[in-house]
Amino acid sequence: MTIYDETLVPAYTLPDPLVDAHGVAITQTAAWPARRAAILDQFGMHVYGRTPATTFAAHAAVEEEDGHALGGAAHRKQVRLELTHAGRTLALHLLLYLPCAPTVPCRSSWA
């Protein structure tokens, strides 16, 4: 459930980073690396997600370009990004607007 009204969010206190999952206080420097690893693992699980261990083959191709988009204020590129693994391909379509400096002509191609 998503809450859009912050007055409906229940009170919450963040856990102390210097107390481990068993309630034991981290008081020695030598204990910190293990606690840090546990915190990073929790962030990976509950907040940021994890990078897949599997590697993907990536291929990018520019499908369309406009060096004078938005009245010459931007360089517009449509890029197709393909990620391939185990015979399966996922295609992502990216639309990029790159600003052109007002005193420098917009480049017709980007490396």
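The present account deals with the structure reproduced in this document. (Residues numbered from 1 in each chain as written. Predicted model: local features only at pLDDT ≥ 70, side-chain atom pairs only at ≥ 80, totals over all residues. Heavy atoms only, no water.)

1. So, the packing of aromatic side chains
- Enumeration according to the criterion identifies one aromatic pair in this entry.
- Arranged with centres 5.6 Å apart and planes meeting at 25°, the rings of phenylalanine 43 and tyrosine 48 form a pair that is stacked.
- Here tyrosine 48 falls in the exposed class, since its relative accessible area comes to 68%. (Phe/Tyr/Trp six-rings, centres within 6.5 Å; stacked < 30°, edge-to-face > 60°. Buried < 20%, exposed > 50% of the residue type's maximum accessible area, 1.4 Å probe, protein only.)

2. Some words on the sheet that holds strand E3 (residues 88-99)
- If you walk across this open sheet you meet the three strands as E1-E2-E3, and the pairing is antiparallel. Because the sheet does not close on itself, it has two edges, and the strands there are strand E1 (57-68) and E3. When strand polarity is set aside, the average angle formed by the axes of neighbouring strands in this sheet is 15°. (Pairing = 2+ DSSP bridges. Helix = DSSP H or I, 4+ residues; strand = E, 2+ residues; numbered from the N terminus. Axes fitted to C-alpha atoms, helices over the stretch in contact; angles between N-to-C directions.)

3. Focus: the pairing of E3
- In terms of strand pairing, strand E2 (residues 74-85) meets E3 through 12 bridges, oriented antiparallel. Across the sheet, arginine 80 pairs through a bridge with histidine 93, a residue of E3.
- Counting the residues that bridge the hairpin from E2 to E3 gives two residues, and of these alanine 86 lies at a positive phi of roughly 50°.

4. What to know about the layout of surface pockets
- If you add up the space inside the largest pocket, you get close to 320 Å³.
- Every residue lining the largest pocket is counted, 14 residues in all, and those nearest its centre are Leu14, Pro15, Ile39, Gln42 and Phe43.
- Broken down by class, the residue content of the lining of the largest pocket amounts to nine nonpolar, two polar and three charged. (1 Å grid on protein atoms, 1.4 Å probe; cavity = no way out; pocket = protein on both sides within 12 Å on 5 of 7 lines; lining within 4 Å. Points joined across faces, edges and corners; volume = space filled by probe spheres on them. Nonpolar A, V, L, I, M, F, W, Y, C, P; charged D, E, K, R; others polar.)

5. Side note on the environment of glutamate 64
- With respect to the helices and strands, the residue glutamate 64 is situated in strand E1.
- Separated by 10 residues in sequence, glutamate 64 and threonine 54 place their C-alpha atoms 31 Å apart.
- If we ignore the near neighbours within four places in the chain, the residues touching glutamate 64 are Arg76, Lys77 and Gln78. (Contact = heavy atoms within 4.5 Å.)

6. Digging into the pattern of salt bridges
- Considering all chains together, one arrives at three salt bridges under this definition.
- For arginine 76, the salt bridge is made with glutamate 64, and the minimal N-O distance between the two is 4.0 Å. Taken together, the residues arginine 76 in strand E2 and glutamate 64 in strand E1 connect sequence positions 12 residues apart.
- Judged by relative accessible area, which is 22%, arginine 76 ranks as partly exposed.
- The class of glutamate 64 is partly exposed, set by a relative accessible area of 27%. (Salt bridge = Lys/Arg side-chain N within 4 Å of Asp/Glu carboxyl O.)

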